[in-house]
Every structure is written in C-alpha cells, then in structure tokens.
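# Inside the fold
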Amino acid sequence: VQLQASGGGLVQAGDSLRLSCATSGDLLRRYGTAWFRQAPGKEREFVAGIFRSGGSTYYADSVKGRFTVSRDNAKNTVYLQMNSLKPEDTAIYYCAADRNIILSALTDEEQYDYWGQGTQVTVSS
C-alpha cells in the first residue's frame, strides 16, 4: 500500500484546508486510517482516525469540532477537513494506514505499517 498525502499550505488563522491521503495498492476501506501531526520540537501526535468497515471516526480533543475525517471509497482516499485553523495547528501532517489495527489502538502510531510522506500545514496569526 502506498499513501500520498497532499493539500497542505500556508493559511491565516480561521481559514480552512482539506488534506487528502490518496492510496494505491489496495482498498482503503479495508484499513484503519489516521492523521498524525508533528510540530517542530514536539512528538508526533494523533489528530483523527477513521476505522475500516463502518467508518467510525475519532478525534484528538484539540481538534474536535474543527476537523473532520472522512473516506471516499470510490476514490480510495481519506480526507481531513480542517476548519477554524489556529497557529498551534502548524505541523507536518502524516496519514497512516494499517489493515489489522484494532479500534482501541487507532490513536497509537506504533500500530501503523504504512505512512505517507507528510504535508506541511502552516497557520499564521
């Protein structure tokens, strides 16, 4: 499975961006997929995830109500819609996928076998 993240950019606080994670090599709906981010000098952290099958979604508290993760099975792509962006959302955003991940481990980056290359999101104040 190959993941290709895109959609990052430089925006102002309050703006929106939509990140895409396009997948090739297998059907993404068979995988649990998540977005993680890493800000300069900080550990990588879970942002949002969508489980395989039913597509249950989960969010970090810091993005609840502002970010929405979704999946388009026809396009084999997962999206992260980011609204009301804040300077603290500035980071490199990575998508990750794993076919065998269990629901309770969706937020654990160690559980993911496949990673995209990352896309930079910069939010100016």
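Residues numbered from 1 in each chain as written. Predicted model: local features only at pLDDT ≥ 70, side-chain atom pairs only at ≥ 80, totals over all residues. Heavy atoms only, no water.

### Some details on the overall build of the chain
Helix and strand counts for the chain come out as zero helices and eleven strands. Scaling as 2.2 N^0.38, a compact globule of 125 residues should have a C-alpha radius of gyration of about 14 Å, and the chain matches this with 13 Å. Split into buried and exposed, the 125 residues of the chain put 45% on the buried side. A sequence separation of at least 24 residues applies to 57% of the contacts in the chain between residues at least 6 apart. A total of about 6,200 Å² of accessible surface is found on the chain, and carbon and sulfur atoms cover 43% of it. (Helix = DSSP H or I, 4+ residues; strand = E, 2+ residues; numbered from the N terminus. Rg over C-alpha atoms; globule rule 2.2 N^0.38 Å. Buried < 20%, exposed > 50% of the residue type's maximum accessible area, 1.4 Å probe, protein only. Contact = heavy atoms within 4.5 Å. Areas by Shrake-Rupley, 256 points an atom, 1.4 Å probe, with all protein chains shown as cover.)

### Comments concerning the state of the cysteines
Where two cysteines share a covalent bond between their sulfur atoms, that bond is called a disulfide. Applying the stated criterion to the full structure yields one disulfide. The side chain of Cys21 participates in a disulfide bridge whose partner is Cys95; the two sulfur atoms lie 2.2 Å from each other. Between Cys21 and Cys95 the sulfur-sulfur dihedral comes to about 70°; the bridge is accordingly right-handed. Of this pair, Cys21 sits in strand S3 (residues 17–24) while Cys95 sits in strand S9 (residues 91–98), and the two are 74 residues apart along the sequence. For the pair formed by Cys21 and Cys95, the shared burial category is buried. (Disulfide = S-S within 2.5 Å.)

### Concerning unusual backbone geometry
Phi is positive for Asn76, close to 55°, though the residue is something other than glycine. Residue position: Asn76 is located in the loop between strand S7 (67–72) and strand S8 (77–82). Of note in this structure, Ser84 is not a glycine but carries a positive phi near 50°. Locating Ser84 in the fold gives a position in the loop between S8 and S9.

### What to know about the sheet that holds S8
Taking strand neighbours across the sheet as the criterion, the four strands line up as S1-S3-S8-S7 in an open arrangement whose pairing is antiparallel. Two strands in the sheet have a free side with no partner beyond their single neighbour: strand S1 (2–6) and S7. Each adjacent strand pair in this sheet contributes to an overall mean axis angle of 15°, direction not counted. (Pairing = 2+ DSSP bridges. Axes fitted to C-alpha atoms, helices over the stretch in contact; angles between N-to-C directions.)

### Brief notes about the packing of aromatic side chains
What the rule picks out here adds up to six aromatic pairs. The interplanar angle of 70° and the centroid separation of 6.2 Å between the aromatic rings of Tyr31 and Tyr114 together place this pair among those described as edge-to-face. Here Tyr31, found in the loop between S3 and strand S4 (32–38), pairs with Tyr114, found in strand S10 (residues 114–115); they are 83 residues apart in sequence, far enough to count as distant. In this structure Tyr114 comes out as partly exposed when scored by relative accessible area, which is 31%. Put simply, the rings of Phe36, Phe46, Tyr94, Tyr112 and Trp115 pair up and form one aromatic cluster. In this structure, Arg44 is placed above the aromatic ring of Trp115, and the distance from its NZ or CZ to the ring centre is 4.0 Å. (Phe/Tyr/Trp six-rings, centres within 6.5 Å; stacked < 30°, edge-to-face > 60°. Lys NZ or Arg CZ within 6 Å of the ring centre and 35° of its normal.)

So yeah, pure geometry; function would need other evidence.
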